[in-house]
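Next come the chains, spelled out residue by residue.
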Amino acid sequence: MIHPEFVFPKNQQLIFRGVSSRKRVLLNGILAVTILALSCATNFAQLTRAPRQANQTSQGPTQLGPGNPQSPSNAGQRVSPPAAPMTNGQQAPGAAKVSPAMSALSLEQAIALAIENNLATLLANERRNEASGIEKQALSQLLPNLSGSAFQASITENLAALGFTPGKFPGFTSTFIGPFKNFDARVRLEQTIFSLSALRNVQAGRAGVRVAELEESVAREQVAAATALAYLETMRADRSVSAAQANVTLAQTLLKLARDQRDAGIATGVDVTRAETREAQEQVRLSQAQSDSEEARLQLQRIVGLPLGSPFTLTDPLRFAAETLPAIETAVATAEDNRSEVRAAQAEVAVNDYQKRAARAEQLPSLEFLGDYGVSGITPVTSALPTRTYAIQLNVPIFNGGLTRGRIQVASSRETQAELQLASIRGQVEEDVRLAYARLSTSAETVRAADLLVTLAERELEMSRDRFRAGVGDNIELVTAQVALANARLDQVTALALYNAARLNLAAALGRAQTFRW
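Residues numbered from 1 in each chain as written. Predicted model: local features only at pLDDT ≥ 70, side-chain atom pairs only at ≥ 80, totals over all residues. Heavy atoms only, no water.

**Student:** Outline the overall build of the chain, listing residues and values.
**Tutor:** If you tally the helices and strands in the chain, you get 12 helices and 6 strands. Of the roughly 25000 Å² that the chain leaves accessible, carbon and sulfur atoms contribute 55%. (Helix = DSSP H or I, 4+ residues; strand = E, 2+ residues; numbered from the N terminus. Areas by Shrake-Rupley, 256 points an atom, 1.4 Å probe, with all protein chains shown as cover.)

Written as structure tokens, this is what we have:
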């Protein structure tokens, strides 16, 4: 979390008082550039805190699998996956499974655990199974269908109901006959010989499985990006605690110096009170940093699937590692090849195309084989004889009230929607890459400026301490330099976290979040 009080003080001349004019100009220039570069720190704070509301604001995984080919009204009712990387706003839900506690956790282990335990990946896997089941349902229309039945009946009949009334047919004196027994046992076979519509439905089902597999890959990428972001926030929070602790130690040291100077008759009680106030302020900041660290750890455990509240240490360091980037056109092409969102959208177009062709094929004749074989008689052992039936049946659609035309219109519209979605996703992928490049370049310069500012703030503090120790003046200048160093340390942590978040965003934009390492 980035607190408003961590921003550099506005009175830059007061911060750098006691420094030569040439150095003051240099320091003021560096400070101005750094403040502008760090103005996006609030966005990073919102970005890292956003997963904490994932259970309330996140949208579930997209609907996977094709519509039931046997029910055209349900066909193709899926929502294509979002194209933007997880670090651009989409959030992963919490884990649905919990793994045993771990004493040390690397980013690679965190991503593996999250993919195994997170609700998004588990649901995506189940929807892939659902799509596979739908494919099998479609395939059943092309495979033999065997059934068997047997019955033993006792029957009575009213011949009058069949038109056999006394007087009209000689020999019939009563219209009631029975009871008499009837037995039949047989096996029936139905086999589609040719149905282009059923064949297209099978192809649509197979393409739907491919869509589900790719959307599962999308879910894995999003969960990996969310995990890496939560891991980064935890590292940043831990570094902020270390920086706050260093500021407390510095404040305690300067408080002791003020008291020693007062006892020596060089400083006054106001100087001691001022140092005590500053020490109390740093203690408050330390408490806030510790609270943020605990909150970040709980969020990481919730996404990964570790017992909440269990202690663990992060093994990956928060560091600055400059990277050589390929040409942006090459990166865009790589992203379009690697991003599962693009491939899933392409597969979605194929699914809707097959469904449209299946609807059109309903207008064509189909051919079936029908047959049965069994025995019939009075009882299984009385006058039972083998009987059979077989036939070739030609089904010719003539008019079904416009149902087929409606299905064709629906399928055509869904295909057009899928094509538009694919075009939009491709544009989004290119935007993701270009934005990631721009942010990475800016954040790298921010880290260098923040590092330099820490060095200069330490130098200013040392000079102010020497002046106060020599009795040249009170400790206002010293406290001001102390504030500048404290802010510089915390802004250095923020800048480093921003840079690594930009690296993560680029990896997600290229479709490599699962293999991303600091």
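Here the narrative resumes.
**Student:** Any details on the packing of aromatic side chains? Residues and values, ideally.
**Tutor:** Per the stated rule, a full pass over the model turns up 2 aromatic pairs. With 4.9 Å between their ring centres and 90 degrees between their planes, F516 and W518 make a pair best called edge-to-face. Exposure class is identical for F516 and W518. Each is buried. Against the face of F312 rests R297, its NZ or CZ located 4.7 Å from the ring centre. (Phe/Tyr/Trp six-rings, centres within 6.5 Å; stacked < 30°, edge-to-face > 60°. Buried < 20%, exposed > 50% of the residue type's maximum accessible area, 1.4 Å probe, protein only. Lys NZ or Arg CZ within 6 Å of the ring centre and 35° of its normal.)

**Student:** Can you explain the pattern of salt bridges? Please cite residues and give values.
**Tutor:** Under the criterion given, the structure shown has 21 salt bridges. Taking the shortest distance from any N to any O, the salt bridge between R186 and D184 comes out at 2.8 Å. The burial state of R186 is the same as that of D184; both residues are buried. R339 is the salt-bridge partner of E341, the closest N and O atoms lying 3.0 Å from each other. One exposure class covers both E341 and R339, and it is buried. Connected through shared salt-bridge partners, D184, R186 and D372 make up one network. (Salt bridge = Lys/Arg side-chain N within 4 Å of Asp/Glu carboxyl O.)

**Student:** Outline the side chain of T379, supporting the account with residue identities and numerical values.
**Tutor:** Residue position: T379 is located in the loop between strand 5 (366–377) and strand 6 (385–395). Of note is the side chain of T379, whose polar atom sits 2.8 Å from the side chain of T382. Aside from chain neighbours lying at most four places away, what touches T379 is Q152, K181, F183 and A384. (Polar contact = N/O pair within 3.5 Å; in protein donor to acceptor, adjacent residues only side chain to side chain. Contact = heavy atoms within 4.5 Å.)

**Student:** If you had to explain a nonpolar patch on the surface to someone new, which residues and values would you point to?
**Tutor:** A cluster of nonpolar side chains, L394, V396, I398 and F399, forms an exposed patch at the surface whose accessible area comes to about 520 Å². With respect to the helices, strands and loops of the structure, L394 is situated in strand 6. (Patch = residues over 30% accessible without salt bridge, like charges linked within 9 Å, V, L, I, M, F, W, Y side chains within 5 Å.)

**Student:** Residues and numbers for the environment of A96, please.
**Tutor:** When you line up the elements, A96 lands in the loop between helix 4 (54–57) and strand 1 (104–105). Residue classification places A96 among the partly exposed residues on the basis of a relative accessible area of 48%. If we skip the residues at most four places from it in the chain, A96 touches N117, N118, L119 and L122.

**Student:** Requested: an account of the packing of helix 6 (residues 119–139) against helix 7 (residues 196–263), with residues and values cited.
**Tutor:** One way to put it is that helix 6 packs onto helix 7 with a least axis distance of 8 Å and a crossing angle of 175 degrees. The angle between helix 6 and helix 7 falls in the class roughly antiparallel. Counted together, A120, T121, A124, N125, R127, R128, A131, S132, E135, A138 and L139 of helix 6 and N201, V202, G205, R206, G208, V209, A212, E213, E216, A219, R220 and V223 of helix 7 form the full contact between these two elements. A per-class count over the contact of helix 6 with helix 7 returns 10 nonpolar, 6 polar and 7 charged. (Axes fitted to C-alpha atoms, helices over the stretch in contact; angles between N-to-C directions. Parallel < 35°, antiparallel > 145°, perpendicular 65-115°, else oblique. Nonpolar A, V, L, I, M, F, W, Y, C, P; charged D, E, K, R; others polar.)

These results come straight from atomic positions and should not be treated as a statement about function.
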